[in-house]
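Remarks on the overall topology
Next come the chains, spelled out residue by residue.
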Amino acid sequence: MHEDRVSLFPKIVTILVLIFLVAPLVVIILASFSPTVLVVFPPKGFSLKWYANIFTSSTNFLSGLGNSLKVAIVATLIDIVLGVAAALSVTRYTFKGKHLLIAFFTSPMYVPSIAFAFVLLRVFSMIGGVPAYLRILLGHSIIIIPYIIRNTIAVLAGYNWLLEDAAASLSANPLQTFTKVTLPLIKPGIMAGALLSFLYSFDEAVLGSLLSSPRFITLPIRIMNYMEFSFDPTLAAISTLLIVMSLTSIVLMERLIGLDMFLK
Amino acid sequence: MSKKRNFFFLSFPTTFALLVLFVAPMVYILINTLQQDGIANFVKFLTDSFYLNILKTTVIISLKTTGILLLLGYPTAYFLARTTSKLKNTMMIIILFPFLVSAVVRSYGWMVILGNKGLLNQFLLAVGLIENPLKIMYTSHAVIVGLVHLLLPYMILSITGVIQGIDKNLEYAASSLGCNPLKTFFKVLLPLSTPGIISGCTLVFTLSMTAYVTPRLLGGANFRMMSTMVFQEVNVNFNWGLASAISYILMFVILLFLVVFNLATASINQRVGGQKHA
């Protein structure tokens, strides 16, 4: 009895927090089916016209989506290669200054994106002629690399390196050892980190704001620009699509490695 | 020898990318700014009350946000760490899921709720609690609501991990020795979970100091925080020198807070027996 009373307060707060967290997302999903421009509750009917708007009217959301995917996919692929190698280098070998090197690898996390975005803007304008796609891609490759490295280090911390020695003693060369033994075992962790980084880049709006050009604009910036001129539920429709994408990702992540990785 | 070569081969690409695309630009632009106008823009920022107020607003909003996050996040984290409910995984998904949704989308959701003709005002008017719509959008309150929503998962996750590492028997022991729940909390749970609280607070404070999308969308054009100010100086006032100064001052202020937080962690860790949770 005593115990139940103790946990009542945290329980109530938890329920309120969960409601608070999902409220705006539920509102967006309901608003996307609103037949009227002004979202009212209870809704006065049901309509899919805002979804049609994404494809038919000149929202440019689709080109924004294409641009965001192009940046996020390429940046994630580059960073998987760089990040996994870097994570291996600091977990496979013991050496002095290891923590310093890890701190260096994750340092972009501690610099405000707006400061980094502004610095890149100035550097690129000094160089001149760098297309917006490349500017955003390079910027994103830097800011997401800490997430891939941290995740891979976390997976590798639980990895039994004797397996590599065993493979080597069975006359596998280092490349074979990595691709046939180590990689398959750490792959789920890398995938989860990659998914996280992909979403970060896909949703990123600070570098996107400063480094885009009229010819290359990413989706979050398209949505913010649209908001300045009109506030109809087309915004809710595109947002709902993004929410569904995130929900799919998190379920995928849960399947891949479970959600405990977020508790470290 | 081959070990050294392998290590170099593995760590070089990332090191090179970070040096060329991150460290060099950050240092070069700082030097360049100082060469062009000396410290004039820094002095302008630090002596003009208009700009100092923006820094003050940014710090105050971030502190308020951090406080609210701690009050909401701690009990939630405790519940998550201790619950044996089958719904735990579902709860984790609900907490993590907004974390993966774009800040633009989440701010939009709050705009629909908090606007003058928004759902909250519709509801309050219909119930008769108010006669005129409340002005919440484009105030600091809206920004704080948005930031709390944005950063709650970070705070909850930072603390849950630490509480999971505290033996539940310690709480039983305290209560069997006659501590009431409140006393158990202050004498046992709170001291042991301080590392998680500090790392959570550090994280959310830094993130709200640098947040850009939420203050821009929920605060509107006349609400200024450091990061929206950088953007305004670049795109509206075309004053790149001042934008530089604001960027580096923001970095410096955050660094200062991080050092203070780290010193606090070190001294607290010493007192609670050098746990390495943080």
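Residues numbered from 1 in each chain as written. Chains lettered and ligands numbered in written order. Predicted model: local features only at pLDDT ≥ 70, side-chain atom pairs only at ≥ 80, totals over all residues.

1. Describing the overall build of chain A
- When you go through chain A residue by residue, the secondary structure sums to 12 helices and 0 strands.
- Traced from its N-terminal end to its C-terminal end, chain A shows the element sequence α-α-α-α-α-α-α-α-α-α-α-α.
- Based on the C-alpha atoms only, the size of chain A along its principal axes is roughly 70 × 70 × 30 Å.
- Looking at chain A as a whole, 42% of its 264 residues are labelled buried.
- Counting contacts in chain A only where the partners sit at least 6 residues apart, residues at least 24 apart contribute 77% of the total. (Helix = DSSP H or I, 4+ residues; strand = E, 2+ residues; numbered from the N terminus. Buried ≥ 20, exposed ≤ 12 C-beta atoms within 10 Å, placed from the backbone. Contact = placed C-beta atoms within 7 Å.)

2. Some words on the overall build of chain B
- On a plain count of helices and strands, chain B comes out with 12 helices and 0 strands.
- The secondary structure elements of chain B, listed N-terminal to C-terminal, are α-α-α-α-α-α-α-α-α-α-α-α.
- Out of the 278 residues belonging to chain B, those deemed buried represent 44%.
- A separation of at least 24 residues holds for 76% of the contacts in chain B among residues at least 6 apart in sequence.

3. Some details on the interface of chain A and chain B
- Opposite the 67 residues of chain A that make contact, chain B presents 65 residues.
- Tallying contributions element by element places helix H2 (residues 8-31) of chain A first for the side of chain A that touches chain B, with 15 residues.
- Along the lines of polarity and charge, the residues of the side of chain A that touches chain B split into 53 nonpolar, 9 polar and 5 charged. (Nonpolar A, V, L, I, M, F, W, Y, C, P; charged D, E, K, R; others polar.)

4. Things to note about the packing of helix H2 (residues 40-47) of chain B against helix H12 (residues 240-271) of chain B
All names here are of chain B.
- Between H2 and H12, the shortest axis-to-axis distance is 8 Å and the interhelical angle comes to 70°. On the basis of the axis angle, H2 is roughly perpendicular to H12. Regarding H2 and H12, the two cross each other, and that crossing is right-handed. Here Asn41, Phe42, Lys44 and Phe45 of H2 lie close against H12, whose contacting residues are Gly241, Leu242, Ser244, Ala245, Ile246 and Ile249.
- Tallied by class, residues from the contact of H2 with H12 come to 6 nonpolar, 3 polar and 1 charged. (Axes fitted to C-alpha atoms, helices over the stretch in contact; angles between N-to-C directions. Parallel < 35°, antiparallel > 145°, perpendicular 65-115°, else oblique. Left-handed = near helix turned anticlockwise from the far one by under 90°.)

5. What to know about unusual backbone geometry
All names here are of chain B.
- Even without being a glycine, tyrosine 138 presents a positive backbone phi close to 60°.
- If you trace the backbone, tyrosine 138 turns up in the loop between helix H6 (119-127) and helix H7 (140-164).
- Judged by the 19 C-beta atoms lying within 10 Å of it, tyrosine 138 falls in the partly exposed class.
- Residue phenylalanine 238 is not a glycine yet carries a positive backbone phi of 50°.
- Structurally, phenylalanine 238 is set in the loop between helix H11 (226-235) and H12.

6. Quick notes on helix H9 (residues 181-210) of chain B
- When the terminal C-alpha atoms of H9(B) are compared, their 38 Å separation across 30 residues is substantially less than the 44 Å that a helix rising 1.5 Å per residue should span.
- Considering bend angle alone, the principal kink of H9(B) is centred on B:Thr194 and spans about 55°; proline B:Pro195 follows within four residues of it. (Expected span 1.5 Å × (residues − 1). Bend = angle between axes of the 7 residues up to and from the residue.)

7. Observations regarding the confidence of the model for chain A
- When pLDDT is averaged across chain A, the result is 89; 97% of the residues are at 70 or more.
- This model gives residues 1-5 of chain A a pLDDT under 50, and the stretch forms 0 contacts once residues within four places in sequence are excluded. (pLDDT = per-residue confidence, 0-100.)

8. Thoughts on the packing of H2(A) against helix H4 (residues 88-99) of chain B
- Remark: H2(A) packs on H4(B), axes separated minimally by 10 Å, with the N-to-C direction vectors making an angle of 50°. When the axis of H2(A) is compared with that of H4(B), the two are oblique. The hand of the H2(A)/H4(B) crossing is left-handed. Taking contact as the criterion, the partners of A:Leu18, A:Leu21, A:Val22 and A:Leu25 in H2(A) are, on H4(B), B:Met91, B:Ile94, B:Ile95 and B:Pro98.
- Along the lines of polarity and charge, the residues of the contact of H2(A) with H4(B) split into 8 nonpolar, no polar and no charged.

9. Regarding the nonpolar core
- In terms of nonpolar packing, the biggest core is built from 142 residues, with A:Ile28, A:Ala115, A:Ala117, A:Phe118 and B:Ile246 touching the most fellow members.
- The element best represented in this core is H7(B), accounting for 15 residues.
- Excluding residues within four positions of it along the chain, A:Phe118 makes contact with A:Leu210, B:Val230, B:Val234, B:Ala243 and B:Ser247. (Core = buried A, V, L, I, M, F, W, Y, C linked by C-beta atoms within 7 Å.)

10. Notes on the confidence of the model for chain B
Residues and elements named next belong to chain B.
- Mean pLDDT over chain B stands at 90; residues scoring 70 or higher make up 97%.
- Scored below 50 in pLDDT, residues 274-278 shows 12 contacts in the model against residues more than four places distant or in partner chains.
- For this predicted complex, the interface confidence comes out at an ipTM of 0.89, alongside a pTM of 0.90.

11. Some thoughts on helix H4 (residues 61-92) of chain A
- Compared with the 46 Å implied by 1.5 Å per residue over 32 residues, the 44 Å span of H4(A) between its first and last C-alpha is a close match.
- Taken as a whole, H4(A) carries its principal kink of about 25° at A:Ile80.

12. Re the environment of B:Lys88
Residue and element names in this part refer to chain B.
- On the secondary structure map, lysine 88 appears in helix H4.
- Residue class for lysine 88 comes out partly exposed when judged on the 14 C-beta atoms lying within 10 Å of it.
- With sequence-adjacent residues up to four places away left out, lysine 88 is seen in contact with Leu80 and Thr83.

13. With respect to the environment of A:Gly158
- Within the element layout of this structure, A:Gly158 appears in the loop between helix H7 (132-157) and helix H8 (162-169).
- Along the primary structure A:Gly158 and A:Ile186 are separated by 28 residues, whereas in three dimensions their C-alpha atoms are 9.5 Å apart.

14. A closer look at the environment of B:Ala264
Residues and elements named next belong to chain B.
- By secondary structure assignment, the location of alanine 264 is in helix H12.
- Given 14 C-beta atoms within a 10 Å radius, alanine 264 is considered partly exposed.
- Put simply, alanine 264 and phenylalanine 16 are 248 residues apart on the chain and 34 Å apart in space, counted from C-alpha to C-alpha.

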